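Structural description and commentary
Okay, here's what each chain looks like letter by letter:
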Amino acid sequence: VQLQASGGGLVQPGGSLRLSCAASGQTFRRYVVGWFRQAPGKERMFVAAIKLRGDTIDYADSVKGRFTISRNNAKDTVFLQMNNLRPEDTAVYYCAADASVIRSAFASQSAYGYWGQGTQVTVSS
C-alpha cells in the first residue's frame, strides 16, 4: 500500500489545519493508521492512531482535546483535524499504516510497515 500525506502549510497560532492520508494500491480499511511528527532536531513522535471503523483511537497527551483523527474507509483516507495549533506543533507530519498493530503498540513506529512521505506544518505568527 502507498500512502500520500497532504494538507500541511503555514498557519498562525490558534489556527487550524486538516491533514489527509490517502492510500492507494490496496484498500487499507482493515489497517491501523497512525500519525507521527518530527520537529527539527528532534525524534519522530507519535501523534494519533485509529483502527478499523474508528472504534479504537489513541492520542498523544500533547494533542488531546486539540487534534481529532478520523477515517473515511470508502475513500481509503484518514484525516487529522488540528485545532488551536501552537508553535510547538511545527513539524513534518507522517502517516503510517499496518494491518496488525495492537493497541499497546499504536505509538510504536516499528509497528508500522508503510509510511507516507510527510507534509510540513509550520505554526508561526
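The present account deals with the structure reproduced in this document.

Criteria and thresholds
- Residues numbered from 1 in each chain as written.
- Predicted model: local features only at pLDDT ≥ 70, side-chain atom pairs only at ≥ 80, totals over all residues.
- Heavy atoms only, no water.
- Salt bridge = Lys/Arg side-chain N within 4 Å of Asp/Glu carboxyl O.
- Helix = DSSP H or I, 4+ residues; strand = E, 2+ residues; numbered from the N terminus.
- Buried < 20%, exposed > 50% of the residue type's maximum accessible area, 1.4 Å probe, protein only.
- Disulfide = S-S within 2.5 Å.

1. A word on the pattern of salt bridges
In the structure shown here, the tally under the stated rule is four salt bridges. For D89, the salt bridge is made with R37, and the minimal N-O distance between the two is 2.9 Å. Residue D89 is located in the loop between β8 (77–82) and β9 (91–98), and its partner R37 is located in strand β4 (residues 32–38); the two are separated by 52 residues in the primary sequence. Residues D89 and R37 agree in their burial class; the two are buried. One salt bridge connects K64 with D61, and the closest N-O pair in it is separated by 3.1 Å.

2. Let's talk about the state of the cysteines
What the rule picks out here adds up to one disulfide. With a sulfur-sulfur separation of 2.2 Å, C21 is cross-linked through a disulfide to C95. Looking along the S-S bond of the C21-C95 disulfide, the torsion reads about 70°, which is the right-handed sense. Of this pair, C21 sits in strand β3 (residues 17–24) while C95 sits in strand β9, placing them 74 residues apart in sequence. C95 matches C21 in its accessibility class, with the two residues each being buried.

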